[in-house]
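Fold and geometry: a report
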Amino acid sequence: MNKKYILAVDLGTTSIRTLAYNTQTHECSRIARREVTQFYPHPGWVEQDGAEIVKSVVDCLKETTKDLDEAEIYGLGITNQRETVVAWDRNTGLPLEHAIVWQCRRTHDYCQELRKNKRKCDMIHKRTGLLIDSYFSATKMSWLLENSKNVTTAYENGLLCMGTLDSYLVFCLTNGKSFVTDHSNASRTLLYNLNTQSWDADLCEFFGVPMNCLAKIVNNDCYVGDCVINGKTIKIGGIIGDQQSSLFGQNCVNSGDFKTTYGTGAFMLANIGSKPVFNKKLITTVAWKTREGMTYALEGNMYSAGSCINWLKDRLNLIKSAKESESLAGSVADTGGVFFVPALAGLGAPFWKGNARAEFRGITLSSTSAHIVRAVLRGITYNTRAVYDCMREIYPLNQREMRVDGGMTANALVMQFQSDIMHFPVAVSAESESTSLGACYMAGLCFGAFKDMNELNELYYASHIYTPTPHDEKRESNYKHWLEIVENL
Ligand code: ADP
């Protein structure tokens, strides 16, 4: 029987999805999904249960592979929410505590304290491409070692494993035979040196994380072991962090190609080729490392995008569904002079004002809910333009188009705004599961379903390309006004 299917697991923040990608028809099918339980033990803390995650993955894989023959399956790729940390027992494979999720702010004060040492911050930025923030994994690991008796006991007994969710899942699926992570996930920990492409002993010491508790780092297209699902033995290979996976899934395989994912937050990533470029306004990270070599990415994280739409719906009750944001905002010709800064969870790239709060400006007696909603949509596109302007100053971006995916790309008004304000075409990916697709492509490279990346380049197609309407002075001056508001926050 000919091999035909590549499987992918997407360990998302709110849900786990698995799918089968047909390499002959290029279609994704047999999608299974499970919600992930979120725990909020204190304000600002976010946890998940690693054991529940693994069980859900196995259940989803059983569903997805039910009618497939072992011989038809190339293998399984994995993509995951990045930075989230699990600590587990090397013997039992059981988590020692709940996983600390990327959104968790419990180490915020500790990071503020560390940031006072400017010399260290510069050194860390030069080595990791990151800034000291509770978002990244290192201080979450330090916290576990400081505060969990289970974790310290396991460490003292030489049984402690710590890592991101990819490494925990592979460990469990291979029954403890493989304790690995990939370069894209490792580069989100603050413990990985972009220049040496390995764990950094100084950084491990600085954050108090013993290097012998960390996984071995392997290439993204590396075969890492086997799992058995429904009695079928499936090879695992092709592990990649979610945003890098979406970059790969949207076939941004040439330097200068870039994409934005509009989900809860928005993430712009640009492929910057084989040499890292450092700039404090953006993050430098590994895109992927394969047998073809290392590829780096510049990343701009915007903390609030789709979450602003949820807020309009769930908290302000201005819209009944996310979709209604489009019709309501489209019912007025402009925002009536209203401006919105989408800082509901602080402001990320390129402003980095973590303590900023969202603001409306210019509200008058004539402002309506339609103006407000339109201003919110505009605010999200302005922030994206600011990241884009910053990125293209640092690195020459491909002049063809910005590729986009994620829930908000269903909103034609937002996508048209985005294209207009950037003076640039915006191409919506035809494949809504482009994050999973990235892991499928990576697994495909690993197991020989694709020859090389050039072959992937030809697989991309957009469902819609938004092109900019003619230049408008008012639009540009509105953007400048929005920038002034942000700069004075
Ligand atoms: P995540 O993976 O972060 O959960 P998704 O890519 O699934 O995010 O996108 C969900 C987000 O997209 C939600 O915040 C939702 O409000 C927003 N969204 C979905 N449809 C629309 C729409 N038509 N207009 C604006 N926002 C939308």
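Scroll up a little and you will see the structure.
Thresholds applied
- Residues numbered from 1 in each chain as written.
- Predicted model: local features only at pLDDT ≥ 70, side-chain atom pairs only at ≥ 80, totals over all residues.
- Heavy atoms only, no water.
- Helix = DSSP H or I, 4+ residues; strand = E, 2+ residues; numbered from the N terminus.
- Rg over C-alpha atoms; globule rule 2.2 N^0.38 Å.
- Buried < 20%, exposed > 50% of the residue type's maximum accessible area, 1.4 Å probe, protein only.
- Contact = heavy atoms within 4.5 Å.
- Lys, Arg positive; Asp, Glu negative; His and termini not counted.
- Charge placed at Lys NZ, Arg CZ, Asp CG, Glu CD.
- Salt bridge = Lys/Arg side-chain N within 4 Å of Asp/Glu carboxyl O.
- Polar contact = N/O pair within 3.5 Å; in protein donor to acceptor, adjacent residues only side chain to side chain.
- Near = heavy atom within 4 Å.
- Areas by Shrake-Rupley, 256 points an atom, 1.4 Å probe, with all protein chains shown as cover.
- Nonpolar A, V, L, I, M, F, W, Y, C, P; charged D, E, K, R; others polar.
- Pairing = 2+ DSSP bridges.
- Core = buried A, V, L, I, M, F, W, Y, C linked by side-chain atoms within 4.5 Å.
- Axes fitted to C-alpha atoms, helices over the stretch in contact; angles between N-to-C directions.
- Parallel < 35°, antiparallel > 145°, perpendicular 65-115°, else oblique.
- Phe/Tyr/Trp six-rings, centres within 6.5 Å; stacked < 30°, edge-to-face > 60°.

When helices and strands are tallied, the protein chain shows 16 helices and 23 strands. Taken over the C-alpha trace, the protein chain has a radius of gyration of 22 Å; the compact-globule value for 489 residues is 23 Å, and the two agree within 12%. Oriented by its inertia axes, the alpha-carbon framework of the protein chain measures out at about 65 × 55 × 40 Å. Taking all 489 residues of the protein chain together, 60% fall into the buried category. Taking the contacts inside the protein chain whose residues are at least 6 apart along the sequence as the reference set, 72% of them involve residues at least 24 apart. Distance between charge centroids for the protein chain: 2 Å, based on 50 positive and 52 negative side chains.

Right, let's get into the pattern of salt bridges. Counted under the stated rule, the structure contains 25 salt bridges. Notably, a salt bridge pairs Glu 299 with Arg 188, separated by 3.0 Å at the nearest N-O pair. Of this pair, Glu 299 sits in strand β18 (residues 293-302) while Arg 188 sits in the loop between α7 (183-186) and β10 (192-193); the two residues are 111 residues apart in sequence, bridging distant segments of the chain. A relative accessible area of 0% places Arg 188 in the buried class. With its nearest N and O atoms 3.6 Å apart, the salt bridge here joins Asp 257 to Arg 400. Placement of Asp 257 in the loop between α9 (242-249) and β15 (258-262) and of Arg 400 in the loop between α12 (369-394) and β21 (402-405) is noted, with a sequence separation of 143 residues between them.

The element helix α13 (residues 412-422) is largely enclosed, with a buried count of nine among its eleven residues. Near the N-terminus of α13, the side chain that reaches the backbone nitrogen of Leu 413, with its oxygen 3.1 Å away, is that of Asn 411. The first or second residue beyond α13 is His 423, which carries a positive phi of 55 degrees.

What follows covers the side chain of Arg 82. As for its position among the elements, Arg 82 is in the loop between β5 (73-80) and β6 (85-89). Within the structure, the side chain of Arg 82 is placed 3.3 Å from the side chain of Asp 242, a separation counted as a polar contact. Polar contacts involving the side chain of Arg 82 include one to the side chain of Glu 299, which spans 2.9 Å. With near-sequence residues (within four places) excluded, Arg 82 lies in contact with Trp 102, Tyr 135, Asn 185, Arg 188, Gly 241, Asp 242, Gln 243, Gln 244, Phe 267 and Glu 299.

Around the ligand sit 14 residues in total, of which Thr 264, Gly 306, Asn 310, Gly 407 and Asn 411 are the nearest. Contacts to the ligand include Ala 322, whose backbone N or O atom sits 3.5 Å from a nitrogen atom. Protein burial of the ligand: of its 580 Å² of free accessible surface, 70% is covered by the chains. Among the elements that make up the shell around the ligand, the one with the highest residue count is helix α10 (residues 306-314) (four residues). Partitioned by chemical class, the residues of the shell around the ligand number three nonpolar, ten polar and one charged.

With that settled, consider the pairing of strand β1 (residues 5-11). Taken across its seven residues, β1 has seven buried, putting it largely inside the fold. Burial along β1 is two-sided: Tyr 5, Leu 7, Val 9 and Leu 11 and Ile 6, Ala 8 and Asp 10, pointing in opposite directions, are all buried. Summarising the sheet, β1 and β5 pair through seven bridges and their orientation is parallel. The residue of β5 that forms the bridge with Leu 11 is Asn 80. When β1 meets strand β2 (residues 15-22), the two strands line up antiparallel, connected through seven bridges.

Counting residues in hydrophobic clusters, the biggest one holds 130 residues, and the most contacted among them are Tyr 21 and Phe 248. The greatest single-element share of this core, amounting to 13 residues, is contributed by α12.

Here strand β8 (residues 160-164) lies mainly inside the structure; five of its five residues are buried. In this structure, β6 lies alongside β8, joined through five bridges in antiparallel fashion. Looking across to β8, one finds that Trp 88 is bridged to Cys 161.

Reading across the sheet, the six strands line up as β3-β2-β1-β5-β14-β13 and stay open at both edges, with mixed pairing between neighbours. Two strands bound the open sheet, and with one partner strand each, they are β3 (27-35) and β13 (223-229). For this sheet, the mean inter-axis angle between neighbouring strands, taken without regard to orientation, is 25 degrees. Where β13 lies against strand β14 (residues 232-241), six bridges are found, and the strand directions are antiparallel. Looking at β14, one finds that Asp 226 is bridged to Lys 235.

Attention shifts here to the packing of α9 against helix α14 (residues 434-446). Between α9 and α14, whose axes approach to 7 Å, the crossing angle comes to 75 degrees. Comparing the axis directions of α9 and α14 gives the class roughly perpendicular. Counted together, Asp 242, Ser 245, Ser 246, Phe 248 and Gly 249 of α9 and Ser 434, Thr 435, Leu 437, Gly 438, Ala 439, Tyr 441, Met 442 and Leu 445 of α14 form the full contact between these two elements. Along the lines of polarity and charge, the residues of the contact of α9 with α14 split into six nonpolar, six polar and one charged.

Time to look at the packing of aromatic side chains. Overall, the coordinates contain 24 aromatic pairs when judged by the stated rule. Both rings, one in Tyr 382 and one in Tyr 479, keep their centres 5.7 Å apart while their planes meet at 45 degrees; by these two values the pair is tilted. A residue pair is termed long-range when its members are at least 10 positions apart, and Tyr 382 in helix α12 and Tyr 479 in helix α16 (residues 473-487) qualify at 97 residues. Accessibility expressed as a relative area gives 4% for Tyr 382, which makes it buried. What makes Tyr 479 buried here is its relative accessible area of 2%. Measuring from centroid to centroid gives 6.3 Å for Tyr 479 and Trp 482, while their planes differ by 15 degrees, and the two rings are stacked. In this pair, Tyr 479 and Trp 482 both sit in helix α16, three residues apart, roughly one turn of the helix. Of the two residues, Tyr 479 and Trp 482, neither departs from the other in class, the shared state being buried.

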